[in-house]
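# Structure at a glance
Residue strings, one per chain:
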Amino acid sequence: MRLFPKPSYLAAVEAPVAEPDKKADLDEAFDRGWSVIVWNDPVNQMSYVVYVFQNVLGFTFQKARHHMLEVDNQGRSCVAQETREKAEFYWQ
Amino acid sequence: MQVNKQLDHLEIILFEPEVLLLRQALQQISANYKVSPDDLPDEVKELWYATNQASSDDLPEDDIEFVHEQLAEFKGENAKLAESILEILSQRMEMPIVVTLSLRDADNFLTIVNDQRLYLAAVNGIGEYEMSESWEELPPSPKKMAVMHIHFLAWMVELLVSNLGDSPRG
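Residues numbered from 1 in each chain as written. Chains lettered and ligands numbered in written order. Predicted model: local features only at pLDDT ≥ 70, side-chain atom pairs only at ≥ 80, totals over all residues. Heavy atoms only, no water.

## Here's the deal with the overall build of chain B
Broken down by element type, chain B carries 7 helices and 3 strands. Secondary structure elements of chain B occur, N-terminal to C-terminal, as β-β-α-α-α-α-β-α-α-α. The globule rule puts the C-alpha radius of gyration for 170 residues at 15 Å, and the 17 Å found for chain B is close to it. When burial is assessed residue by residue, chain B has 48% of its 170 residues classed as buried. (Helix = DSSP H or I, 4+ residues; strand = E, 2+ residues; numbered from the N terminus. Rg over C-alpha atoms; globule rule 2.2 N^0.38 Å. Buried < 20%, exposed > 50% of the residue type's maximum accessible area, 1.4 Å probe, protein only.)

This is the structure:
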């Protein structure tokens with residue numbers, strides 16, 4: 001939760017202030033420090049992985065293929081660095 | 001099997017052996033989709049819900065539980081789609097059978113087919129070796145049958161992906 005500068009016509013409204021522990025929790029949740037890592041496995045097909053990267057992560061075909069090959073050759077690929085909420089969405 | 005993309009839908013044309021295999025796959029997956037994550041075999045739970053991986057990351061328990069609930073709900077919706085396609089496959093007697101799906105449903109169907117591949121691999125202990133070219137050397141067994149089913153479904157995934165590849169989701 002961020003405290004935005006109040007326009008004058010809202011001056012009468014008290015902006016909520018987060019408690020220190022909750023603020024730390026919220027800051028951590030919204031910090032883009034969560035890596036989304038895709039691991040290799042012997043069953044998922046390359047074409048399917050590329051398709052998912054394009055449709056879920058919005059990659060171009062070239063970028064999707066690059067990350068798919070990284071998964072295939074190196075065992076894993078970091079495909080996104082996001083807020084915790086978005087990273088969990090990608091996981092779903 | 002053929003897949004034809006039209007403007008706003010996909011046509012999946014299936015001949016008898018394919019109908020039989022797909023029917024079996026859909027019966028199995030729609031039943032498993034309705035099973036609560038906690039009641040699934042561990043290996044399936046791990047593949048579908050990444051339970052071990054999630055618990056080893058620093059994700060809060062509540063978040064993990066929420067994602068699992070969302071995933072289970074999504075799979076529940078996909079169970080309904082699987083059943084609607086099963087109904088088509090069961091009611092029509094003349095071959096080939098044409099299954100028509102909206103692009104959104106076709107995308108979800110792709111997920112269903114892939115989930116079934118993962119399920120078969122998990123419960124039959126199918127890994128790198130079984131998925132390699134050496135699978136034909138496996139002795140006749142439920143495992144070998146499962147590998148054949150996985151490869152049949154892989155063919156279907158390839159056809160779907162090649163037709164959906166440039167379609168927007170939803």
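## Observations regarding the nonpolar core
Formed by 55 residues in total, the largest nonpolar core has its most connected members in Leu14, Leu26, Trp48, Leu89, Phe109 and Met156 of chain B. Mapped by element, the contributors of at least two residues to this core are helix H2 (46-57) of chain A together with strand E2 (9-14), helix H1 (16-33), helix H2 (42-49), helix H4 (61-91), strand E3 (97-102), helix H5 (103-123) and helix H7 (142-164) of chain B. In this view, Met156 of chain B contacts Met1, Leu14, Leu22, Phe109 and Val113 of chain B; residues no more than four positions away in its chain are not counted. With 13 residues, the next largest nonpolar core counts Trp34, Phe59, Ala64 and Ala87 of chain A among its residues. (Core = buried A, V, L, I, M, F, W, Y, C linked by side-chain atoms within 4.5 Å. Contact = heavy atoms within 4.5 Å.)

## Some details on the pairing of E3 of chain B
Residue and element names in this part refer to chain B. What you see with E3 is a clean split: Ile97, Val99 and Leu101 sit on the buried side and Val98, Thr100 and Ser102 on the side with no burial. Bridge analysis of E2 against E3 gives 6 bridges, and the strand direction is antiparallel. In the strand pairing of E3, His9 is matched with Ser102. (Pairing = 2+ DSSP bridges.)

## What to know about the packing of aromatic side chains
Residue and element names in this part refer to chain B. Tallying each qualifying case throughout the model produces 2 aromatic pairs over all chains. Between Phe152 and Trp155, the aromatic rings sit 6.3 Å apart at their centres with planes inclined by 75 degrees, giving edge-to-face as the arrangement. Separated by 3 residues within a single helix, Phe152 and Trp155 lie in helix H7, roughly one turn from each other. Owing to a relative accessible area of 10%, Phe152 belongs among the buried residues under this scheme. (Phe/Tyr/Trp six-rings, centres within 6.5 Å; stacked < 30°, edge-to-face > 60°.)

## Comments concerning H2 of chain A
Over its 12 residues, H2 of chain A extends 16 Å from the first C-alpha to the last, a length consistent with the 16 Å expected when each residue adds 1.5 Å. Three or more residues of H2 of chain A are buried, namely Ser47, Tyr48, Val49, Val50, Tyr51, Phe53, Asn55 and Leu57 of chain A. Tucked into the core, H2 of chain A has its buried residues touching strand E1 (34-39), helix H3 (61-74), strand E2 (76-82) and helix H4 (84-91) of chain A together with H5 and H7 of chain B. Within two residues after H2 of chain A, Gly58 of chain A carries a phi angle of roughly 75 degrees, on the positive side. (Expected span 1.5 Å × (residues − 1).)

## Considerations on the sheet that holds strand E1 (residues 2-5) of chain B
Residues and elements named next belong to chain B. Spatial strand order, E1-E2-E3: 3 strands in an open sheet with antiparallel pairing. Each having just a single partner strand, E1 and E3 make up the two edges of the open sheet. When strand polarity is set aside, the average angle formed by the axes of neighbouring strands in this sheet is 20 degrees. Where H5 meets the sheet, it contacts E1, E2 and E3, and its direction lies at approximately 110 degrees from that of E3. (Axes fitted to C-alpha atoms, helices over the stretch in contact; angles between N-to-C directions.)

## Digging into the confidence of the model for chain A
Residue and element names in this part refer to chain A. Taken over all residues, the pLDDT of chain A has a mean of 75, while the share at 70 or more is 65%. Mean pLDDT across the elements of chain A bottoms out in helix H1 (residues 20-30) (63) and peaks in H3 (94). Segment residues 1-15: pLDDT under 50, and 6 contacts once partners within four positions in sequence are set aside and those in other chains are kept. (pLDDT = per-residue confidence, 0-100.)

## Some words on a negative patch on the surface
Residue and element names in this part refer to chain B. Together, Asp38, Asp39, Glu61, Asp62, Glu65, Glu69 and Glu73 make up a negatively charged patch on the protein surface. Here Asp39 shows up in the loop between H1 and H2. Owing to a relative accessible area of 60%, Asp39 belongs among the exposed residues under this scheme. (Patch = residues over 30% accessible without salt bridge, like charges linked within 9 Å, V, L, I, M, F, W, Y side chains within 5 Å. Areas by Shrake-Rupley, 256 points an atom, 1.4 Å probe, with all protein chains shown as cover. Salt bridge = Lys/Arg side-chain N within 4 Å of Asp/Glu carboxyl O. Lys, Arg positive; Asp, Glu negative; His and termini not counted. Charge placed at Lys NZ, Arg CZ, Asp CG, Glu CD.)

## Some words on the interface of chain B and chain A
If you look at the interface, chain B gives 31 residues, while chain A gives 15 residues. Buried surface at the junction of chain B and chain A, both sides included, amounts to about 2100 Å², of which 59% is carbon and sulfur. Inspection of the chain B/chain A interface yields 0 salt bridges. Looking at the side of chain B that touches chain A, the elements with two or more residues in it are helix H3 (51-56), H4, H5, helix H6 (128-131) and H7 of chain B. A total of 7 residues in the side of chain B that touches chain A trace back to one element, the largest contributor, which is H5 of chain B. (Buried area = accessible area lost by both parts, 1.4 Å probe.)

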